[in-house]
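# Fold and geometry: a report
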Amino acid sequence: MIKLLNVRKGFNLGKSNEFIAVGGVSLTMEAHRVTVLKGPSGSGKTTLLSLIGCMARPTSGRITLQRGLLGGANFPGAGDAPEVEVTSLPERFLTEIRRRTFGFIFQQFNLVKGITVLENVMLPAYPLGEKHGVVKKRALALLGMFGLAERSSAKVEWLSGGEAQRVAIARALMNDPPVIIADEPTAHLDSKLSVAFMEIIARLKEQGKTTIIASHDPLVFGATMVDRVVAVRDGRLDGEGQ
């Protein structure tokens, strides 16, 4: 599981434009479940995702990860504890956790233009030092799983919105991460593609993935495979999420 204990994130602290994006959130998310952070734009959902995914550090509070979610990442002092507190780890260890624990699906997909679909999917594996042939074989298998094998040599700027989304998902799965984090993944998709995305999330859940999605889309937080909806407003949990 993933635990947040009184987590706060502020910007420009002590200045006239001080802003508290996340204000004292305590939350436990079960492994192998789909959790949706629901709330309007500016509610703090994206900041919460960045903290959970070790892309940012909280101003205060603690975040712990169940050892089974570390994806093989390890570091001195962790011992055999069932949970690891990640908030105060040096950046080099957080980088390792990001690579092995989390797969990120961004709102804008963030595919690298000018290179092929296959090359985009392979990108997350390069820092792990695996052989090129092994990485390529795994990337092609992922593209095949999402019906994109014939598009592997296409430049990403040639893709449709649905194809680009599936490439982004395949890239997120490249290192077989235990946790998938998606930030407003259906924001630029029509209803049909949004439903198709949630069907993919259902398949990942069946494979044992833990998924955390930030969304204000009813097609996301109302989907049948979602286990828990956490309402977020003004940087705090609202109602059922507390």
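Structure first, text after, so check above.
Residues numbered from 1 in each chain as written. Predicted model: local features only at pLDDT ≥ 70, side-chain atom pairs only at ≥ 80, totals over all residues. Heavy atoms only, no water.

### Remarks on the overall build of the chain
Broken down by element type, the chain carries seven helices and 10 strands. In terms of overall dimensions, the chain is globule-like: its C-alpha atoms have a radius of gyration of 18 Å, near the 18 Å expected for 242 residues. Across its three principal directions, the C-alpha atoms of the chain cover 50 × 45 × 35 Å. Every one of the 242 residues in the chain was classed for burial, and the buried ones make up 49%. If you take every contact in the chain between residues at least 6 apart in sequence, the share linking residues at least 24 apart comes to 69%. (Helix = DSSP H or I, 4+ residues; strand = E, 2+ residues; numbered from the N terminus. Rg over C-alpha atoms; globule rule 2.2 N^0.38 Å. Buried < 20%, exposed > 50% of the residue type's maximum accessible area, 1.4 Å probe, protein only. Contact = heavy atoms within 4.5 Å.)

### What to know about the packing of helix α5 (residues 161-172) against helix α6 (residues 191-206)
Look at α5 against α6: their axes get within 11 Å of each other, and the N-to-C directions meet at 20°. When the interaxial angle is binned, α5 and α6 end up roughly parallel. Two packed elements cross with a definite hand, and for α5 against α6 that hand is right-handed. Between α5, through Gly162, Gln165, Arg166 and Ile169, and α6, the contact on the second element is made entirely by Leu193, Phe197 and Ile200. Of the residues contributing to the contact of α5 with α6, the split by class is four nonpolar, two polar and one charged. (Axes fitted to C-alpha atoms, helices over the stretch in contact; angles between N-to-C directions. Parallel < 35°, antiparallel > 145°, perpendicular 65-115°, else oblique. Left-handed = near helix turned anticlockwise from the far one by under 90°. Nonpolar A, V, L, I, M, F, W, Y, C, P; charged D, E, K, R; others polar.)

### Details of the packing of aromatic side chains
Under the definition given, this model contains two aromatic pairs. With centroids separated by 5.9 Å and ring planes inclined at 35°, the aromatic side chains of Phe102 and Phe104 adopt a geometry described as tilted. Residue class for Phe102 comes out buried when judged on its relative accessible area of 3%. With 6.1 Å between their ring centres and 15° between their planes, Phe104 and Phe106 make a pair best called stacked. The exposure class assigned to Phe106 is partly exposed, which follows from its relative accessible area of 29%. Through a chain of ring-to-ring contacts, three or more aromatic side chains come together here, namely Phe102, Phe104 and Phe106. When the ring centre of Phe221 is taken as reference, the NZ or CZ atom of Lys38 above it lies at 4.8 Å. (Phe/Tyr/Trp six-rings, centres within 6.5 Å; stacked < 30°, edge-to-face > 60°. Lys NZ or Arg CZ within 6 Å of the ring centre and 35° of its normal.)

### Some thoughts on the sheet that holds strand β1 (residues 2-11)
Pairing within the open sheet is antiparallel, and its four strands lie in the order β2-β1-β4-β5. Among the strands making up the open sheet, the edge pair consists of β2 (19-29) and β5 (83-85). On average, each strand axis in the sheet is tilted by 25° relative to the strand beside it, whichever way the strands run. (Pairing = 2+ DSSP bridges.)

### Let's talk about the environment of Ala154
Topologically, Ala154 is positioned in the loop between α4 (132-145) and α5. Ala154 gets classed as buried once you look at its relative accessible area, which sits at 7%. Along the sequence, Ala154 and Ala172 sit 18 residues apart, while their C-alpha atoms lie 19 Å from each other. If we skip the residues at most four places from it in the chain, Ala154 touches Ile115, Thr116 and Val117.

### Brief notes about the nonpolar core
With 41 residues, the main nonpolar core has Val121, Phe197, Met198, Ile201 and Ile213 as its most contacted residues. Of all the secondary structure elements, the ones that give two or more residues to this core are β3 (34-38), α3 (117-122), α4, α5, β7 (179-183) and α6. Formed by 33 residues, the second largest nonpolar core is a distinct cluster that contains Leu48, Ile52, Leu69 and Leu94. (Core = buried A, V, L, I, M, F, W, Y, C linked by side-chain atoms within 4.5 Å.)

### Quick word on the pairing of strand β8 (residues 210-215)
β8 sits mainly inside the fold: six of its six residues count as buried. Neither face of β8 is open: one carries Thr210, Ile212 and Ala214, the other Thr211, Ile213 and Ser215, and all of them are buried. Where β3 lies against β8, five bridges are found, and the strand directions are parallel. Looking at β8, one finds that Val36 is bridged to Ile213. Two elements, β7 and β8, share five bridges in a ladder whose sense is parallel. Paired with Ile180 across the strands is Thr211, a residue of β8.

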